[in-house]
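Breakdown of the fold
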Amino acid sequence: MRLALVDNKPDFVSLLLENGVILKDFLIKDNSTLCELYQKLPNCFFLKKLVKRMKLAGSSRRQAISREAIKEAREKISLDKVSDEVHHLLGKFTKRIYHQPLKDTGQCAVGVEPSQHGSQEIKVLSTFKDLREAQRVAGRDLFLWAVVQNNKELAEIAWDQCGDCISAALAASKILKKMAQDVNDADDSQEMLELASHYEDRAIGVFSECYKNDEVRAQKLLVRVSRYWGRTTCLRLALEADDKNFVAQSGVQDLLTKIWCGELSVNNPVWRVLVCMVFFPLIYTKFLAFRRDEVTQSKTEKEKEKNKTREEEPKSPSNDEPEHSEPNVEPLNCWSRLVGLYCAPQVKFYGNIISYFAFLSLFAVVLMVDFQRTPSVGEQLLYSWLFTLVCEEIRQLLHDPDHCGFYEKAKVYVKELWNILDVISILLFFLGFGFRLTTKLFYPGKIILCIDFVVFCLRLMAIFTINQTLGPKIIIVKKMMKDIFFFMFLLSIWVVAYGVAKQGILIHNDRRMDWIVRGAIYEPYLIIFGSFPENIDNAGFDINSCSINGTDPMKPKCPVLNEKEMPAFPEWLTIIMLCVYLLFANILLLNLLIAIFDYTFHEVHDNTDKIWKFQRYQLIKEFYSRPAPPPPFIIISHLSILFKPVNQWKNIFLSVRTPSDTQTEFSKV
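Summary of the structure given here. Since the structure is predicted, the reported quantities are computational estimates derived from the model, not experimental observations.

It is worth spelling out the packing of aromatic side chains at this point. Evaluated as defined, the whole model comprises 25 aromatic pairs. For the pair Phe349 and Phe623, a centre-to-centre distance of 5.3 Å together with 85° between the ring planes defines the contact as edge-to-face. In this pair, Phe349 sits in helix 20 (residues 345-368) while Phe623 sits in helix 27 (residues 571-624), placing the two residues 274 residues apart along the sequence. A residue is classified by how much of its surface remains accessible, and Phe349, at 4% relative accessible area, is buried. Given the relative accessible area of 6%, Phe623 is considered buried. Ring geometry for Phe363 against Phe429: centres 5.6 Å apart, planes inclined by 65°, an arrangement best described as edge-to-face.

The structure is reproduced here in structure tokens:
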């Protein structure tokens with residue numbers, strides 16, 4: 001078996017498994033077998049990453065790895081090193097799949113840490129049975145060994161031996177996509193991406209069959225913590241692997257819709273939810289449906305149908321069938337209904353929308369009507385409101401349930417466009433607020449706050465991402481913004497080229513910087529949109545509309561004049577330059593931009609639904625963990641977090657938590 005695996009003989013491996021070879025006995029009984037398989041890996045990218053991790057190839061990542069270094073590294077490969085590299089590929093949100101072996105100290109724990117009182121605080125990570133299962137699972141170990149070397153045939157055979165097929169396929173997709181990002185060879189990267197897509201399709205196929213047979217149990221598979229793949233869930237693996245096709249499946253979206261609605265029924269109209277947010281006593285009537293009420297009602301109807309069937313049919317031994325006992329569902333009490341309403345992510349989202357519109361309205365009133373030397377009551381309320389927004393951004397930045405560390409959390413935070421807009425808007429607000437407190441910079445402070453209001457309004461687009469109609473359009477707009485950003489570099493070449501040449505021909509030695517920028521950049525840019533210049537020919541020249549020596553700051557400097565006080569520049573040349581500029585800038589480049597937009601629209605529009613469903617997950621996840629009160633009342637939740645007992649505060653911000661308590665954001669449905 002070992003020889004068939006090392007020599008890459010998938011047919012022999014399959015034949016041996018079909019003829020009675022037990023994979024568990026082959027890999028688990030002899031602890032050195034798996035380590036020897038990793039030591040005999042072919043010259044693949046994963047092996048090179050192991051060599052770099054063991055610091056045998058020098059400090060430079062781009063330095064070529066010698067054969068001697070690889071040979072030396074093979075002898076030192078251990079499961080600990082493999083576990084570290086796999087943990088890096090899967091992500092820091094996972095646990096290591098191979099734990100360090102227990103030391104012969106007679107302790108029933110993996111880790112022992114000294115407490116503040118000098119005694120030893122023992123952290124029991126799991127029982128010996130769970131620890132052994134987490135360390136060595138034959139099907140998973142062989143599948144992982146085949147995946148990291150990008151061996152599709154052996155991976156297919158090993159995948160059939162995995163117990164947790166969906167998690168295994170999604171984990172393979174994550175590992176392969178991560179390696180494809182790091183590898184320099186384009187062919188290897190393409191092969192890894194193709195294999196990652198293959199296993200994403202495999203995960204979709206298995207989940208679709210499970211969902212057809214039993215929707216409830218299939219959805220539980222998505223949020224079940226897998227002990228074999230770093231104590232994470234299928235849903236989290238799909239998110240981190242950027243598996244949009246998997247997340248777009250109807251079963252996954254139905255689960256996200258349930259999480260989005262919380263304790264509320266998914267069939268509630270939006271207007272009823274909004275009415276109950278204001279008149280909450282209506283939740284104690286049948287005006288708003290709760291999911292638990294629907295389950296209770298469905299259970300009652302089933303019992304009535306069973307009783308009716310028993311009464312109509314005579315009882316006989318052949319009719320006696322074993323009944324499946326269903327868990328008893330207790331009805332919601334008054335307090336549970338109130339908490340279920342305001343803690344639902346859907347209600348949190350609507351509350352934040354209303355709060356944000358109120359904030360923008362107050363901001364607009366202060367800027368246009370009530371901006372005084374001494375801050376008024378409305379302006380003070382605005383500053384207090386923004387302080388609560390700042391506190392919420394800090395909470396989101398420090399909220400680290402996966403214990404990735406502040407640096408990793410900050411990198412993820414910065415990657416999101418809306419978070420960047422939040423940071424920019426807050427920084428501009430503080431800058432404008434600091435300026436308006438001074439006498440000399442009072443008016444510049446107001447100007448900065450007016451610009452900041454524009455950024456806050458742009459942030460308003462994020463609320464439309466949850467909408468099925470407008471959400472995809474926001475995605476298209478974001479893609480087009482990238483296109484126009486790069487297009488402006490191409491356009492600026494023609495604008496500057498024509499503007500500088502025109503300014504140099506018409507005006508002689510104008511040292512006023514504002515008029516230079518106006519003539520060399522601003523006027524050529526306006527020509528693209530139909531503003532025809534009047535100073536390039538003699539027909540529209542008026543000596544009273546310009547300053548001869550450039551001494552009048554309100555007038556442009558006159559062009560070079562001849563003896564008749566008429567422009568001396570070659571009129572035929574400036575007109576030809578204008579025609580050529582309009583031909584390329586106004587006709588060629590603008591039509592090129594339209595063509596780019598059209599291409600982007602059709603390219604994104606085909607996958608917009610998948611992209612929107614994938615980003616919908618992020619929004620639901622954000623509001624699932626967000627405090628219930630909207631700003632400015634959210635400060636109450638921030639104070640409650642701040643003044644928690646010291647031990648709980650450390651658990652939140654210092655990431656002190658045992659793996660047995662590890663849960664994802666969506667561990668409950």
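Let's pick the thread back up.
Turning next to unusual backbone geometry. With an omega dihedral of 5°, the bond running from Pro631 to Pro632 counts as a cis peptide bond. By the secondary structure assignment, Pro632 is in the loop between helix 27 and helix 28 (635-642). Despite not being glycine, Asn150 shows a phi value in the positive range, around 60°. Mapped onto the elements, Asn150 comes out in the loop between helix 9 (138-148) and helix 10 (152-160). Phi at Asp242 is positive, roughly 60°, even though this residue is not glycine.

Looking now at the packing of helix 2 (residues 10-18) against helix 10. Taken N-terminus to C-terminus, the directions of helix 2 and helix 10 make an angle of 15°; their axes are 9 Å apart at the nearest point. By the angle between their directions, the pair helix 2 and helix 10 is classed as roughly parallel. In terms of crossing hand, the pair formed by helix 2 and helix 10 is right-handed. Residues Pro10, Val13, Ser14 and Leu17 of helix 2 pack against Glu153, Leu154 and Ile157 of helix 10. Across the contact of helix 2 with helix 10, the residue classes tally to five nonpolar, one polar and one charged.

Looking now at the pattern of salt bridges. Pairing is possible between side chains of opposite charge, provided their charged atoms come close. Tallying each qualifying case throughout the model produces 18 salt bridges. Close ionic contact of Glu240 with Arg236 constitutes a salt bridge, the shortest N to O distance being 2.9 Å. Taken together, the residues span about one helical turn, with Glu240 and Arg236 both in helix 14 (residues 234-240) at a distance of four residues. Taking relative accessible area as the criterion, Glu240 reaches 32% and is therefore assigned partly exposed. For Arg236, a relative accessible area of 6% gives the class buried. Two residues, Asp293 and Arg337, come together in a salt bridge whose shortest N-O distance is 2.9 Å. One end of the pair, Asp293, is in helix 18 (residues 291-312); the other, Arg337, is in helix 19 (residues 334-342), with 44 residues separating them in the sequence. Classification of Asp293 by relative accessible area gives partly exposed; the value is 24%. One network of salt bridges, with partners in common, ties together Glu392, Arg395, Glu622 and Arg626.

What follows covers the nonpolar core. Here is a general trend for soluble globular proteins: nonpolar side chains tend to be buried in one another's company. By size, the foremost hydrophobic cluster in this structure holds 119 residues, and its most contacted members are Tyr38, Phe46, Phe143 and Phe246. Ignoring any residue separated from it by four or fewer positions in sequence, one finds Phe246 in contact with Ile166, Leu170, Glu200, Ala203, Ile204, Phe207, Leu222, Ala238 and Val252. Counting 13 residues, the second-largest nonpolar core is a separate cluster that includes Tyr498, Ile527, Ile536 and Leu593.

Conventions we followed
Residues numbered from 1 in each chain as written. Predicted model: local features only at pLDDT ≥ 70, side-chain atom pairs only at ≥ 80, totals over all residues. Heavy atoms only, no water. Phe/Tyr/Trp six-rings, centres within 6.5 Å; stacked < 30°, edge-to-face > 60°. Helix = DSSP H or I, 4+ residues; strand = E, 2+ residues; numbered from the N terminus. Buried < 20%, exposed > 50% of the residue type's maximum accessible area, 1.4 Å probe, protein only. Axes fitted to C-alpha atoms, helices over the stretch in contact; angles between N-to-C directions. Parallel < 35°, antiparallel > 145°, perpendicular 65-115°, else oblique. Left-handed = near helix turned anticlockwise from the far one by under 90°. Contact = heavy atoms within 4.5 Å. Nonpolar A, V, L, I, M, F, W, Y, C, P; charged D, E, K, R; others polar. Salt bridge = Lys/Arg side-chain N within 4 Å of Asp/Glu carboxyl O. Core = buried A, V, L, I, M, F, W, Y, C linked by side-chain atoms within 4.5 Å.

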